[in-house]
Amino acid sequence: MEYHELTIGSAIEQITRRKISSFELTSAFLSRIETYEDRIGAFITVDKEKALEQAQKADQEIAAGRISALTGIPIALKDILCTKGIKTTCGSRILENFVPQYDGTVVSKLKNEGAVIIGKTNLDEFAMGSSTENSSYKITKNPWNQEYVPGGSSGGSAAAVAAQFCCASLGTDTGGSIRQPASHCGVVGIKPTYGRVSRFGLVSYASSLDQIGPITRDVRDAAILLNVISGNDKLDSTSAKNPVPDFTKALDQFEKGALKGMRAGIPKEYLSAEGIDPEVEKVFLHAKTLLTDLGVEMREISLPHTEYVVAAYYIIAPCEASSNLARYDGVKYGFRDKSSEDLIEMYKKTKSKGFGLEVQRRIIIGTYALSAGYYDAYYGRATKVRTLITEDFSNAFETCDFILSPVAPAPAFKIGEKTDDPLTMYLTDIFTLSANMAGIPGISVPAGYSSKGLPIGIQMMGRKFDEMSLLRAGYGFEQNIGLSKKFPDLS
Amino acid sequence: MKISKSEVEKIAHLARLEIEDSQKEKMVEQLGNILQYIDKLKDANIDGVRLSSGAAIMNNVLREDVVEASPGPCVTLANAPDRDDDFYVVPRVVK
């Protein structure tokens, strides 16, 4: 196996047994980035020297026998996670030269475990989008076919893992932004329970929905990263105090027949959803059969408020965004338009030149929905619908252990296909938004391919703080699905 | 619900945005379509349903009020687009 194909799990093993050094591993990824990055566009920043420096430091630690959970493992970070001394743009012109003065909690945790930060990945501006076409810097291409989008908003993070530019990456998920690109790029992505992972140092889009999570080559790697990044943090008052189980342990003790007796719920509203692609349906039904063969009991469940999910989300998220993004006023950090003599004009010119159109659109929707006279009709109503959606899930989990569904209604679409029609783009989020609205965890696991050879994943959603069931079911599924092709061919 | 051009201009002003003339028509149309779709929420029966502010833990998060060192102006102002010593410089506010 080539170095760049290694999972975190196998790389750790080889590093521990001194078969390879972190320097060799990091160099292998950097050389792939040098060769193929122009075609994929996964990164906004790659700091080769810093990465190799960290790798050398890791090798010294290994030589001294000090090996932590991720010593020497190259990991990429979505460019919305603050990294001390490395610019963090959020895919926006407004933060073009922003260099954080501190590390986000997840970044400190990765560094404490010895990880090598190989670069910062491309995203839809401020994580607003489902295709990574809204970045102010570049369009990321799907490594499986470069005419197609990688999904989004963590499209750079998913493409970087699929293109073998790193062992794994971190993304963020506000409405599907980890799970959907993972599905489109043929990798594993998990959105943890709201509160499982500290959001300190994650640049806010919609604070009640945002969550950081791993994007990896396999389910066990997701468990390894989740072990590192989870836990309460005094710097994020919304991070939960719930104990963090050892996510890898349960997988290492996994035995044949381990899924026997688990109950999967199939939401009847999802399969009757409009616009579900027959190829996605086929992959989903195949996954359902496989899980049944593995002993999982299938039950039809109902999530009766599914038809309101997209509408409620596209009120709540823009409302929170309009408030969160008010801070980019050209005063304390980021871009400032220096042509204006007047303060209000300076604000306006700074924001209008600094933000792209999708961000401006969402700020306007949010401002509108929160303005006097509309608040109750829009925001108030949407938060009540959110309560109903959450209750749908609580009821469903009385009869099942996880919910099985497609990730996206169709495989990746062509670049440019939906850019003029934001509403159609929003509707593609139908299966992923609910997990954010209800605060529950969701995982996307590769499950098949379209006739054009584009990957298609399946989603499992679980009870709050029960990522373990998703990892176990995902692991069992992954061991048995027998996909024909693990990596896209870039050469 | 449709939204008019003048409403969009008013909201943009409140949000301190300035939409380019060339983008305005398209923006008004796209926002109108989105708002029309969102009107779907009016069909949901929300009688007696409580508001939810999100999935966050519902109990209060308290801690001791302990004094910690501040990073200081060098760090705080490191990304300032315009500064004078330890102050942010902005266009004149009072005229």
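In this text the structure is predicted, and so the values were computed from the model without any measurement.

A. Representation of the overall build of chain A in the model. Scanning chain A from terminus to terminus reveals 17 helices and 11 strands. Principal axes of the C-alpha set define a box for chain A whose edges measure 65 × 55 × 45 Å. Looking at chain A as a whole, 65% of its 491 residues are labelled buried. For chain A, the proportion of contacts with a sequence separation of at least 24, taken over those separated by at least 6, is 76%.

B. Broad picture of the pattern of salt bridges. Throughout the structure, instances matching the rule amount to 29 salt bridges over all chains. Here aspartate 420 of chain A ties to lysine 26 of chain B by a salt bridge, and the two come within 3.1 Å at their closest N and O atoms. Within this pair, whereas aspartate 420 of chain A is found in the loop between strand 9 (402-406) and helix 15 (422-427), its partner lysine 26 of chain B is found in helix 2 (residues 21-38), the two belonging to separate chains. Among the salt bridges present, the one from lysine 5 of chain B reaches glutamate 25 of chain B, with a minimum N-O distance of 3.9 Å. Taken together, the positions of lysine 5 of chain B in helix 1 (residues 5-14) and glutamate 25 of chain B in helix 2 put the pair 20 residues apart, joining distant regions of the chain. On the basis of relative accessibility, which here comes to 40%, the residue lysine 5 of chain B falls in the partly exposed class.

C. Seen up close, the state of the cysteines. Under the definition given, this model contains 0 disulfides over all chains. As a non-bridged cysteine, cysteine 167 of chain A has cysteine 166 of chain A as the owner of its nearest cysteine sulfur, 7.4 Å distant.

D. Layout of unusual backbone geometry. All names here are of chain A. The linkage connecting glycine 152 with the following residue, serine 153, adopts the cis geometry, with an omega of 10°. As for its placement among the helices and strands, serine 153 is situated in the loop between strand 3 (116-121) and helix 5 (155-162). Phi at threonine 132 takes a positive value of approximately 60°, unusual for a residue other than glycine. Assignment of secondary structure puts threonine 132 in the loop between strand 3 and helix 5. By relative accessible area, threonine 132 is classed as buried at 0%. Positive phi outside glycine occurs at glutamine 164, with the angle close to 60°. By the secondary structure assignment, glutamine 164 is in the loop between helix 5 and strand 4 (168-172). In this structure glutamine 164 comes out as buried when scored by relative accessible area, which is 3%.

E. Examining the interface of chain A and chain B more closely. Contact residues are listed per partner, giving 66 residues for chain A and 54 residues for chain B. A buried area of about 5,500 Å², summed over both sides, lies between chain A and chain B, and 67% of it is on carbon and sulfur atoms. Counting across the chain A and chain B interface gives 4 salt bridges. Joining chain A to chain B, the criterion identifies 17 residue pairs in polar contact (both at pLDDT 80 or more). Contributions of two or more residues to the side of chain A that touches chain B are made by helix 11 (309-324), helix 12 (343-354), helix 13 (357-370), helix 14 (376-396) and helix 15 of chain A. The leading source of residues in the side of chain A that touches chain B is helix 14 of chain A, at 11 residues.

F. The sheet that holds strand 8 (residues 297-301) of chain A, seen in detail. Residue and element names in this part refer to chain A. On the basis of which strands lie adjacent, the open sheet formed by 11 strands has the order 1-3-2-4-6-5-10-11-9-7-8 and mixed pairing. The open sheet has two edge strands with one neighbour each: strand 1 (43-46) and strand 8. Strand-to-strand twist of the sheet, defined as the mean angle between neighbouring strand axes without regard to direction, takes the value 30°. Across 3 bridges, the pairing between strand 1 and strand 3 is antiparallel. Paired with phenylalanine 43 across the strands is threonine 121, a residue of strand 3. Against the sheet, helix 2 (residues 22-40) makes contact with strand 1, strand 2 (74-78) and strand 3, and its axis sits at roughly 20° relative to strand 3, the strand it touches most. The strands touched by helix 5 within the sheet are strand 1, strand 2, strand 3, strand 4 and strand 6 (212-216), with strand 4 carrying the most contacts at an inclination of about 165°.

G. Local environment of helix 1 (residues 8-16) of chain A. All names here are of chain A. Within helix 1 the residues assigned to the buried category are Ile8, Gly9, Ala11 and Ile15. Down the axis of helix 1, the sector holding all buried residues measures 165°, keeping them to one side. Where helix 1 is buried, its residues contact helix 2, helix 3 (48-63), strand 4 and helix 7 (219-229). Phi turns positive, to about 60°, at arginine 18, one or two residues after helix 1.

H. Fine view of the nonpolar core. Leu70, Leu110, Phe126, Phe393, Met460, Leu471 and Phe477 of chain A are the most contacted members of the largest nonpolar core, which totals 175 residues. Excluding residues that lie within four positions of it along the chain, methionine 460 of chain A makes contacts with Leu291, Phe402, Ile403, Leu404, Pro441, Gly442, Ile443, Leu470, Ala473, Gly474 and Phe477 of chain A.

I. Representation of the pairing of strand 11 (residues 455-462) of chain A within the structure. All names here are of chain A. For strand 11, a buried count of 8 out of 8 residues is recorded, marking the element as mostly surrounded by other parts of the structure. Residues Pro455, Gly457, Gln459 and Met461 point to one face of strand 11 and Ile456, Ile458, Met460 and Gly462 to the other, with burial holding for every one of them. In this structure, strand 9 lies alongside strand 11, joined through 5 bridges in antiparallel fashion. Considered in strand 11, the bridge of leucine 404 is made with methionine 460. The sheet contact formed by strand 10 (residues 442-449) and strand 11 spans 7 bridges and is antiparallel. Note that in strand 11 the partner of serine 444 across the bridge is glutamine 459.

J. View of a nonpolar patch on the surface. The grouping of Val90, Val93 and Val94 of chain B at the surface amounts to a nonpolar patch, some 270 Å² of accessible area in total. Summarising the element assignment, valine 90 of chain B is placed in the segment after strand 2 (87-88).

K. Geometry of helix 7 of chain A. Residues and elements named next belong to chain A. For helix 7, the tally of buried residues reaches 9 of 11 residues, placing the bulk of the element in the interior. All of the buried residues in helix 7 are Val219, Asp221, Ala222, Ala223, Ile224, Leu225, Leu226, Val228 and Ile229. Of the residues trailing helix 7, glycine 231 is marked for its positive phi of about 125°.

L. Fine view of the packing of aromatic side chains. All names here are of chain A. As enumerated under the stated definition, the model contains 17 aromatic pairs over all chains in all. Where phenylalanine 98 meets tyrosine 333, the ring centres are 5.5 Å apart and the plane angle is 50°; that geometry is what we call tilted. Pair noted here: phenylalanine 98 is in the loop between strand 2 and helix 4 (105-112) and tyrosine 333 is in the loop between helix 11 and helix 12, with a separation of 235 residues, a long-range link. Overall, phenylalanine 98 belongs to the buried group, its relative accessible area being 12%. With relative accessibility at 24%, the residue tyrosine 333 sits in the partly exposed group. Ring geometry for tryptophan 144 and tyrosine 449: centres 5.8 Å apart, planes at 50°, overall tilted. With a gap of 305 residues between them, tryptophan 144 in the loop between strand 3 and helix 5 and tyrosine 449 in strand 10 connect regions that are remote in the sequence. A cation sits over an aromatic face here: lysine 418 above phenylalanine 413, 5.0 Å from the ring centre.

Cut-offs applied
- Residues numbered from 1 in each chain as written.
- Chains lettered and ligands numbered in written order.
- Predicted model: local features only at pLDDT ≥ 70, side-chain atom pairs only at ≥ 80, totals over all residues.
- Heavy atoms only, no water.
- Helix = DSSP H or I, 4+ residues; strand = E, 2+ residues; numbered from the N terminus.
- Buried < 20%, exposed > 50% of the residue type's maximum accessible area, 1.4 Å probe, protein only.
- Contact = heavy atoms within 4.5 Å.
- Salt bridge = Lys/Arg side-chain N within 4 Å of Asp/Glu carboxyl O.
- Disulfide = S-S within 2.5 Å.
- Buried area = accessible area lost by both parts, 1.4 Å probe.
- Polar contact = N/O pair within 3.5 Å; in protein donor to acceptor, adjacent residues only side chain to side chain.
- Pairing = 2+ DSSP bridges.
- Axes fitted to C-alpha atoms, helices over the stretch in contact; angles between N-to-C directions.
- Arc of directions from axis to C-beta.
- Core = buried A, V, L, I, M, F, W, Y, C linked by side-chain atoms within 4.5 Å.
- Patch = residues over 30% accessible without salt bridge, like charges linked within 9 Å, V, L, I, M, F, W, Y side chains within 5 Å.
- Areas by Shrake-Rupley, 256 points an atom, 1.4 Å probe, with all protein chains shown as cover.
- Phe/Tyr/Trp six-rings, centres within 6.5 Å; stacked < 30°, edge-to-face > 60°.
- Lys NZ or Arg CZ within 6 Å of the ring centre and 35° of its normal.

These values are about where atoms sit, not about what they do.
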